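# Commentary on secondary and tertiary structure
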Amino acid sequence: MNNSATRKQEIYDKIKESSKDEYILSEMKRLGFWKEGSVDFEKVNAFLKEERELSNKLHKLTREQKNLTDTEAFIARKHSERKKLSKERQKETKLRREELRRAKAEKWKQTKEEDIIYLGKGFSHQLNHTDSNIDRLNKNGLPLYSSVKDLAKAMGISVNELRFLAFSRKNSKISHYKRFKVAKKTGGFRLISAPMPRLKKAQHFILENILNKVTVHEKAHGCVQKRSIVSNAALHVNKAVVINQDLQNFFPSVTYNRIKGVYKSLGYSEQLSVVFALLCSEPKILDISLLGENYYTQRGDRYLPQGSPCSPAITNILCKKLDFRLDGLAKKYGFTFSRYVDDITFSGDLEQFPNITAVLKYSKKIIREENFKLHPDKLRVMKQNQRQEVTGIVVNEKININKKSLKRFRALLFQIENEGLEGKTWNGGANVLAEIDGFANYVYQVDKLKGEVYKERVKNILNKYEYKEQHKAKFVKEKKDSRSKIGSIFKKISSFFKK
């Protein structure tokens, strides 16, 4: 039975390959129904082949005619053809789009790893300009960074981390600065914004590799290598008159655009200048607690933070023209000029007394033209019969410490040594041990002989209360906690950028 069915299937297959007549003819030929040469089989085969082709054409035309006369069937067939064609095109389009998406995602991934094209609203449109002024950089003796990838590599971090540190967020759960207030000698408080470890490391890189290499005016003494409050005060020793002026809101008045302008003037590209300016600035922050979460909300423009290692160096570069103009004014009227951060000092001898009014008038005009403002309540004109001070150092006859301050300091040390720390403060500071340690170092900087005595007494007090060890342990813990917190946040942000 199975053999019979197999045989029938073979016959059907052969007929399907040619035609029924051709199959019969071939079988009759095989079985010997005709003698050799009696029939021209080539003509017969050609005839049968032609008949088969005509039959197929006729069948096709008949089917087409039927489709044309049957309107509903024709429309259904066309609809089916279009649907099939549409599906094929959709499939091709999907494959093409998927390929484009993969290529775009791969390109975007590579771009994020090698470049920065977005740093927040209001800054990103400046990131497309990547050409630095090589001649100007060489003239200033500054390193050339051809791209943000090159900069990140030099800083020893990834492009993602550089983006994280520079990114400007209107609202955020993280802050790159630790903010606190310190008491002023004149009363009130000064807001200090201390950068967190990662940002501080980046700012130190900028300071050491860029800012400290820029030549500033010789009369600028604040935070300049080999200059100090002592070198600043030494210029004004034993003068008939000493004039002190103070620039109001000095660091906050140096806004983001001015900071970026400093880096542009040095020769860096628009892109790198934006990155540098964002790393070296901060906005005014409003702390908000919502549903158990702390948020930091930006308010107003970005400006130089007081507490960043870069801020004084940036102002020294920015104030170079101001220093030249004020120094020129001083020389014109026979005065000596110097500037220590936001403290401006003029000093002169007796013959310069008639020129005091002119120096005050024109210095105010120059300062205003350079986009700064004098503090109206901090002008001091000190004659030789008064105590003359420059940045806290007495300069009447020689460089010295204020005797009244030293007397208070000795009394405080005596009280701590005999009564303990309870209720003791120095200049309103919260941590009396830190305050006396800082003042002892200040005295040593001005007068080493006196300073050695006070430093030794302060050292004994600090050892007694284990201040150094406590401070070190607290610092290590805070540093570890901040690194852990920032590390987890950085991972979340990095994963977000990788999506």
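A short tour of the structure in this document, coming up. (Residues numbered from 1 in each chain as written. Predicted model: local features only at pLDDT ≥ 70, side-chain atom pairs only at ≥ 80, totals over all residues. Heavy atoms only, no water.)

## Some remarks on the overall build of the protein
Put simply, the test is: Runs of E in the DSSP output that reach at least two residues are strands. Runs of H or I that reach at least four are helices, and both are numbered from the N terminus. Partly exposed describes any residue whose relative accessible area lies between the buried limit of under 20% and the exposed limit of over 50%, with all areas from a 1.4 Å probe on protein chains only and scaled to the type maximum. Note on definitions: a residue-residue contact is assigned when non-hydrogen atoms from the two residues lie within 4.5 Å. In short, Shrake-Rupley with a 1.4 Å probe defines the accessible areas, and a residue's cover is counted only from the protein chains shown.
In terms of regular secondary structure, the protein is built from 18 helices and 12 strands. Burial analysis of the protein (499 residues in total) assigns 39% to the buried set. Across the protein, the fraction of contacts at a sequence separation of at least 24, relative to all contacts at a separation of at least 6, is 67%. Just so you have it, the protein exposes about 31,200 Å², and 52% of that area is on carbon and sulfur atoms.

## Side note on the packing of aromatic side chains
Basically, it comes down to this: The aromatic pairing rule takes the rings of Phe, Tyr and Trp, using the six-membered ring of Trp, and pairs them if the centres are within 6.5 Å, calling planes under 30 degrees apart stacked, those over 60 edge-to-face and the rest tilted.
Overall, the coordinates contain 14 aromatic pairs when judged by the stated rule. Taking the centre distance of 5.3 Å and the plane angle of 65 degrees together, the rings of phenylalanine 409 and tryptophan 426 count as edge-to-face. In this pair, phenylalanine 409 sits in helix 15 (residues 403–419) while tryptophan 426 sits in the loop between helix 15 and helix 16 (432–446), placing the two residues 17 residues apart along the sequence. We note that phenylalanine 409, like tryptophan 426, is buried. Members of the aromatic cluster, each reached through a chain of ring pairs, are Tyr145, Phe205, Tyr263, Tyr268 and Phe276.

## As for unusual backbone geometry
At cysteine 223, a position not held by glycine, the phi torsion is positive, near 60 degrees. Tracing the chain through its elements places cysteine 223 in the loop between helix 8 (197–209) and helix 9 (229–234). Its identity as a non-glycine residue notwithstanding, lysine 226 has a phi of 70 degrees, on the positive side. Tracing the backbone through its elements, the reader meets lysine 226 in the loop between helix 8 and helix 9.

## Structural notes on the state of the cysteines
Our working rule: In this description, a disulfide is simply a cysteine sulfur pair whose atoms lie within 2.5 Å.
According to the stated counting rule, one finds zero disulfides in the structure shown. Here cysteine 280 stays unpaired: no disulfide links it, and the sulfur of cysteine 310, its closest cysteine neighbor, is 3.9 Å away.

## What to know about a nonpolar patch on the surface
In plain terms, the rule: Nonpolar side chains (Val, Leu, Ile, Met, Phe, Trp, Tyr) within 5 Å and like charges within 9 Å form the patches, drawn only from residues with over 30% relative accessible area and no salt bridge. By definition, a salt bridge exists where a carboxyl oxygen of Asp or Glu is found within 4 Å of a side-chain nitrogen of Lys or Arg.
A cluster of nonpolar side chains, contributed by Trp108, Ile117 and Tyr118, occupies part of the molecular surface with about 290 Å² of accessible area. You can see tyrosine 118 is positioned in the loop between helix 4 (71–114) and helix 5 (134–140).

## Considerations on helix 13 (residues 320–332)
The cut-off we apply is this: Any helix carries an expected span of 1.5 Å times its number of residues minus one. Picture the helix axis, draw a direction to every C-beta atom, and the arc is the one those directions span.
The end-to-end C-alpha separation of helix 13 is 18 Å, in line with the 18 Å expected for 13 residues at 1.5 Å each. Among all positions of helix 13, only Leu322, Asp323, Leu326, Asp327, Leu329 and Ala330 are buried. The buried residues of helix 13 occupy an angular sector of 160 degrees when the element is viewed end-on, so they sit on one face. Exposed side chains of helix 13 directed beyond 90 degrees from the buried face belong to Lys321, Phe324, Lys331 and Lys332. Looking at the packing, one finds that the buried side of helix 13 touches strand 7 (336–340), strand 8 (343–348) and helix 14 (356–369). At the exit of helix 13 stands glycine 334, carrying a positive phi of roughly 80 degrees.

## Brief notes about the environment of serine 158
Stated precisely, the cut-off is as follows: We call two N or O atoms a polar contact when they sit within 3.5 Å, provided that within protein one can donate a hydrogen and the other can accept it, with sequence-adjacent residues counted only if both atoms are side-chain atoms.
The topology assignment puts serine 158 in the loop between helix 6 (148–155) and helix 7 (159–166). According to the relative accessible area criterion, serine 158 is partly exposed, its value standing at 37%. Along the backbone, serine 158 and glutamate 114 are 44 residues apart, and their C-alpha atoms lie at a distance of 8.7 Å. At 3.1 Å, the side chain of serine 158 and the backbone nitrogen of glutamate 161 are in polar contact.

## What about the nonpolar core?
Rules: Residue types Ala, Val, Leu, Ile, Met, Phe, Trp, Tyr and Cys, when buried and joined through side-chain atoms within 4.5 Å, form a set referred to as a nonpolar core.
Ranked by size, the top nonpolar core spans 102 residues in total, and within it Leu162, Ile206, Ile210, Leu211, Tyr263 and Ile436 carry the most contacts. The biggest single contributor to this core is helix 16, with eight residues. Setting aside chain neighbours within four positions, we find isoleucine 436 in contact with Phe409, Leu412, Leu413, Ile416, Val458 and Ile461.

## Comments concerning empty space enclosed by the protein
Filter applied, for reference: A pocket, in this scheme, is an open set of points on a 1 Å grid over the protein atoms alone with protein on both sides within 12 Å along at least 5 of 7 lines, while a cavity is a set where a 1.4 Å probe fits but cannot get out; residues line either one if an atom lies within 4 Å of a point. Grid points are joined across faces, edges and corners, and a volume is the space filled by probe spheres set on the points. For this classification, the nonpolar set comprises Ala, Val, Leu, Ile, Met, Phe, Trp, Tyr, Cys and Pro, the charged set comprises Asp, Glu, Lys and Arg, and every other residue, Gly included, is treated as polar.
Taken as a whole and judged by the stated rule, the model has two cavities of 30 Å³ or more. Taken as a whole, the largest cavity holds about 230 Å³ of empty space. As for the largest cavity, its lining consists of 20 residues, of which Phe167, His176, Pro283, Gln298 and Arg302 are closest to the centre. Looking at the lining of the largest cavity, the elements with two or more residues in it are strand 2 (177–183), helix 11 (270–279), strand 5 (282–290) and strand 6 (293–303). Split by residue class, the lining of the largest cavity holds 10 nonpolar, six polar and four charged.

## Considerations on the pattern of salt bridges
Side chains that carry opposite charge are capable of pairing whenever their charged atoms lie near each other. A full pass over the atoms with the stated rule returns 19 salt bridges. Taking the shortest distance from any N to any O, the salt bridge between glutamate 270 and lysine 264 comes out at 3.2 Å. Judged by its relative accessible area of 16%, glutamate 270 is buried. Exposure remark for lysine 264: the relative accessible area of 33% places this residue in the partly exposed category. Here lysine 321 and glutamate 370 are joined by a salt bridge, their closest N and O atoms 3.9 Å apart. Note that lysine 321 is positioned in helix 13 and glutamate 370 in the loop between helix 14 and strand 9 (380–383), a separation of 49 residues in sequence. According to the relative accessible area criterion, glutamate 370 is buried, its value standing at 12%. One salt-bridge network, held together by shared partners, links Lys321, Arg325, Lys365, Glu369 and Glu370.

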